[in-house]
Amino acid sequence: MTTDQILAALQSQKPLVHCITNYVAMNIAANVVLAAGASPAMVHAEDEVADFAPIAGALTINIGTLSPNWVSAMQKAADAAKAAGKPWVLDPVAHFATPYRGEVVQDLIARGPAIIRGNASEIMALRGAATAGKGVDSGDSVADAEAAATALAKAQGCVVAVTGEVDFATDGSRSARISGGSEIMPMITAMGCSLTALMGGFAAVAPPLEAAVAALSLFAEAGNRAARTAGGPGSFQVAFLDALSQIRPEDLADDAGVQWL
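The sections below set out a description of the structure shown in this document. Here the residue numbering is sequential within each chain, running from 1 through the sequence in written order. Thresholds applied to this predicted model are a pLDDT of at least 70 for local features of residues and 80 or more for the giving and counting of side-chain atom pairs; totals over whole chains, interfaces and linings are not thresholded and use all residues. Only heavy atoms go into the side-chain values, all of them from the structure, while hydrogens and water stay out.

1. A few points about the sheet that holds strand 3 (residues 58-62)
Let me state the cut-off plainly: When DSSP finds two or more bridges between two strands, those strands count as paired. A run of DSSP states H or I qualifies as a helix once it reaches four residues; a run of E qualifies as a strand once it reaches two. Both are numbered from the N-terminal end. For helices, the fitted line uses only the C-alpha atoms of the stretch in contact; every axis is such a line through C-alpha atoms, and the angle between N-to-C directions lies from 0 to 180 degrees. In what follows, residue pairs with any heavy atoms lying within 4.5 Å of each other are defined as contacts.
Taken in spatial order, the nine strands of this open sheet run 2-1-3-4-5-6-7-8-9, and their pairing is mixed. The open sheet has two free edges, formed respectively by strand 2 (39-41) and strand 9 (258-260), since each of these has just one partner strand. Sheet twist, expressed as the average angle between the axes of neighbouring strands with direction ignored, equals 20°. Of the strand pairs in this sheet, strand 6 (residues 159-163) and strand 7 (residues 166-170) are connected by three bridges, and their pairing is antiparallel. Across the sheet, the residue bridging to Val 162 is Phe 168, located in strand 7. The strands touched by helix 7 (residues 142-156) are strand 5 (115-119), strand 6, strand 7 and strand 8 (175-179); relative to strand 7, the strand with the most contacts, the crossing angle is about 15°.

Below you can see the structure in the form of structure tokens.
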């Protein structure tokens, strides 16, 4: 499937995306998924996630603000999605910052995500490489993380997406670089988290690698458009959501920002 076909499928099918994300990201992530054309559900209660995950088109898990009850909910949701044949996306936010976060992420990875999306430092650290990351911020370039991403994808049998100035996505065999976006985007909290939620929407309607590339392409194009009118981070958020809601499949038909390797 091409990017325009995948966006058309998302906008016509409006898949339900089960999002277990952090407190900081809930609002913007839900709005991004809605603006793109899918339907978000921010469900994280331990008592209902196992029943909810199978009825969604895809699940996304973001470990940004961990607590024991949420970890249990993440585990139950991942297992339920996997058992139901539903793809799920993992965002290993700052997993290298504390031993607790690292243990949680390793447990979740063992539960078989279809896609792992992170910044360069997060992906490099998952392969045991030294990084310059500080908390949730990456201190490494996407180019530096490409080899680690490819090795991780091969080892886990999943797609790995690394986001930064030029994004990179790979399944271990096929890879793509996706350019675009705006330098304002890193100045807005939870943009990466919302991208993970959006990637879940695409994973509900397309194979994992094509879904990841389509989500990255749409995000980049919306960033390009928002930057034309935004005066700073505040107005950029509004312009970004507007752009997401206005982009049609034919706008992505030429895949201008995608380089398949």
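2. Structural notes on the packing of aromatic side chains
Let me state the cut-off plainly: Put simply, two rings from Phe, Tyr or Trp (the six-membered ring, in Trp's case) pair if the centres are within 6.5 Å, and we call them stacked under 30 degrees between planes, edge-to-face over 60, tilted for the rest. Only protein chains enter the accessibility calculation, which uses a 1.4 Å probe; a residue whose area is less than 20% of its type maximum is buried, one above 50% is exposed, and one in between is partly exposed.
Enumeration according to the criterion identifies three aromatic pairs in this entry. Their ring planes at 40° and their centres at 5.1 Å tell us that Tyr 23 and Trp 70 sit as a pair that is tilted. Of this pair, Tyr 23 sits in the loop between strand 1 (16-20) and helix 2 (26-36) while Trp 70 sits in helix 4 (residues 68-83), and the two are 47 residues apart along the sequence. Residue class for Trp 70 comes out buried when judged on its relative accessible area of 6%. Relative to Phe 240, the ring of Phe 219 lies with its centre 4.9 Å away and its plane at 75°, an arrangement referred to as edge-to-face. Taken together, the positions of Phe 219 in helix 9 (residues 208-229) and Phe 240 in helix 10 (residues 233-246) put the pair 21 residues apart, joining distant regions of the chain. Exposure class is identical for Phe 219 and Phe 240. Each is buried. Connected via pairs of aromatic rings, a cluster forms that spans Phe 219, Phe 236 and Phe 240.

3. A short note on the environment of Phe 240
The buried category is assigned to Phe 240, whose relative accessible area is 2%. Residues contacting Phe 240, with those up to four places away along its chain left out, are Val 32, Met 185, Met 191, Phe 219, Ala 222, Gly 223 and Ala 226.

4. Side note on the state of the cysteines
Two cysteines form a disulfide when their sulfur atoms are joined by a covalent bond. Under the convention used in this document: In this description, a disulfide is simply a cysteine sulfur pair whose atoms lie within 2.5 Å.
Following the criterion strictly, the structure yields zero disulfides and no others. Of all cysteine sulfurs in the structure, the one in Cys 193 sits closest to Cys 158, which takes part in no disulfide; the separation is 19 Å. Of all cysteine sulfurs in the structure, the one in Cys 19 sits closest to Cys 193, which takes part in no disulfide; the separation is 11 Å.

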